[in-house]
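Residues per chain, in single letters:
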Amino acid sequence: NPSNYTMEQGTVLGRINCRSKGGASGFKVAILGAAGGIGQPLAMLMKMNPLVSVLHLYDVVNAPGVTADISHMDTGAVVRGFLGPRQLENALTGMDLVIIPAGVPRKPGMTRDDLFNINAGIVKTLCEGIVECCPGAIVNLISNPVNSTAPIAAEVFKKAGTFDPKKLMGVTMLDVVRANTFVAEVLGLDPREVNVPVVGGHAGVTILPLLSQVKPQCSFTPEEIGYLTARIQNGGTEAKAGSGSATLSMAYAAVKFADACLRGLRGDAGIVECAFVASQVTELPFFASKVRLGRTGVEEIYPLGSLNEYERAGLEKAKKELAASIQKGVSFIRK
Ligand code: NAI
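Residues numbered from 1 in each chain as written. Predicted model: local features only at pLDDT ≥ 70, side-chain atom pairs only at ≥ 80, totals over all residues.

**Points about the pairing of strand β9 (residues 271-278)**
Next up, step 1: Counting buried positions over the eight residues of β9 gives six, a clear majority of the element.
Next up, step 2: Both β9 and strand β10 (residues 286-294) contribute to a ladder of eight bridges, which runs antiparallel. Paired with E273 across the bridge in β10 is V291. (Buried ≥ 20, exposed ≤ 12 C-beta atoms within 10 Å, placed from the backbone. Helix = DSSP H or I, 4+ residues; strand = E, 2+ residues; numbered from the N terminus. Pairing = 2+ DSSP bridges.)

In structure tokens, the structure reads:
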């Protein structure tokens, strides 16, 4: 009888064993905004990740149905669904990693900054929940504008006295994934062999691909540099042919980044990815650059390395816009 189904139970007639309690090994991961365009494929891919033992899916709509659907996948992670603010506490308690794609996405003609007013409030509320229920968790923030929402999260944590800069990352992985793909196309290589550092932030000119530092080592003509930089910075407008924003490639990128965080937590060595973090790499309080992920989160932040003239000019532009977006986030909490 489906009416017997309770989401915490997950099953009607389950024999009690260690699995139904989540098992002993593996990490506990919550996705906030799990019923959305990014949240659903992200939840599916996390259910397939062998490092995850418990997967909590939280949303203000449709969480039960999405949870039931995902829970039928015969992989190891135990899935539980949580609907609405009253269940936020249970969704967050005990989590090692919290991934946040909650909020509204861009519609045609909107900038990421236009999303600010709605998403800032959502991120604030969810971070207040993290303060109460899992202050030591790693937080991967996806909700846009990341250039402002990551500073908002930091301010909420600072106010509560729980801020650990090593644990908060704005997710810029989609810019890296796009850069690897577009550069591989130009070079005629397999994208899996290409590594493009993308620094700065996650919006327009703040997205700064460092094409002079591409691995494998290569060189580009000025035309290629102009084309690639513009395409990487505006990749978001290609997704859904401009009628929405990226969800599938974003879910892929989010899982790639979350998996790197989990491998770091497990103690794997040499996990280096780009992320938007509290940083002293520039004079700005937040900046995206290469970071090394380990047992405590961001364990090392790498300097930008040597930039060419084109990149130095791009960096100045990026910093100007980024400074304003960061300040906007900080003021939202301190006002
Ligand atoms: P969507 O609208 O399809 O999904 C958002 C989900 O968040 C919905 O299910 C909604 O019910 C839920 N939600 C709203 N308020 C909530 C609350 N208070 N608590 C929990 N859940 C809540 O949007 P989509 O396409 O999944 O995008 C989500 C966010 O990710 C947007 O802000 C978008 O701009 C951002 N994004 C970030 C990217 C990045 O590279 N960091 C790339 C693409 C999108």
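From this point, the discussion proceeds with the structure in view.
**Comments concerning unusual backbone geometry**
Next up, step 1: With omega at -10°, the peptide bond leading from N144 into P145 counts as cis.
Next up, step 2: Locating P145 in the fold gives a position in the loop between β5 (138-141) and α5 (146-160).
Next up, step 3: Residue P216 follows K215 across a cis peptide bond; omega there is -5°.
Next up, step 4: For P216, the location among the structural elements is in the loop between β8 (207-209) and α7 (222-233).
Next up, step 5: For N62, which is not glycine, the phi dihedral falls at a positive 60°.
Next up, step 6: Tracing the chain through its elements places N62 in the loop between β2 (52-59) and α2 (63-71).

**A short note on the site of the ligand**
Next up, step 1: Around the ligand lies a shell of 32 residues, among which G33, G36, G37, A102 and N144 are the nearest.
Next up, step 2: By residue number, the principal contributor to the shell around the ligand is helix α4 (residues 116-133), which donates four residues.
Next up, step 3: Its residues assigned to classes, the shell around the ligand comprises 18 nonpolar, twelve polar and two charged. (Near = placed C-beta within 6 Å. Nonpolar A, V, L, I, M, F, W, Y, C, P; charged D, E, K, R; others polar.)

**Comments concerning the packing of helix α6 (residues 173-187) against α7**
Next up, step 1: Running from amino to carboxyl end, α6 crosses α7 at an angle of 150°, the nearest separation of the two axes being 9 Å. Here α7 runs roughly antiparallel to α6, going by the angle between their axes. In this structure, α6 meets α7 at a crossing whose hand is right-handed. Seen from α6, the contacting residues are D175, R178, A179, F182, V183 and V186; seen from α7, they are E224, L228, R231 and I232.
Next up, step 2: Looking at the contact of α6 with α7, its residues break down into six nonpolar, no polar and four charged. (Axes fitted to C-alpha atoms, helices over the stretch in contact; angles between N-to-C directions. Parallel < 35°, antiparallel > 145°, perpendicular 65-115°, else oblique. Left-handed = near helix turned anticlockwise from the far one by under 90°. Contact = placed C-beta atoms within 7 Å.)

**Digging into the UniProt feature "active site" (unreviewed entry) in the chain**
Next up, step 1: UniProt records the feature "active site" (unreviewed entry) at H202, using the numbering of this structure.
Next up, step 2: Following the sequence through the fold, H202 ends up in the loop between β7 (198-200) and β8.
Next up, step 3: For H202, the contacting residues outside a window of four places in its chain are V146, N147, G170, T172, D175, I207, F276 and A288. (UniProt positions renumbered as here; feature names shortened; annotations may be inferred.)

**Comments concerning the nonpolar core**
Next up, step 1: One finds I31, L57, L97, V98, A153 and A254 to be the most contacted residues of the largest nonpolar core, which totals 104 residues.
Next up, step 2: Looking at which element gives the most residues to this core, the answer is helix α9 (residues 248-266), with ten residues.
Next up, step 3: Setting aside chain neighbours within four positions, we find V98 in contact with A30, L32, L92, I130, C134, A137 and V139. (Core = buried A, V, L, I, M, F, W, Y, C linked by C-beta atoms within 7 Å.)

**Examining the UniProt feature "binding site: substrate" (unreviewed entry) in the chain**
Next up, step 1: UniProt marks R106, R112, N144 and R178 with the feature "binding site: substrate" (unreviewed entry), using the numbering shown here.
Next up, step 2: With respect to the helices and strands, the residue R112 is situated in the loop between β4 (97-100) and α4.
Next up, step 3: Of the residues examined, R112 has 23 C-beta atoms within 10 Å and is grouped as buried.
Next up, step 4: Setting aside chain neighbours within four positions, we find R112 in contact with R106, N144, P145 and A203.
Next up, step 5: Considering the arrangement of structural elements, one finds R178 in helix α6.
Next up, step 6: Once residues lying within four places of it in the same chain are set aside, the contact partners of R178 are I232 and G235.

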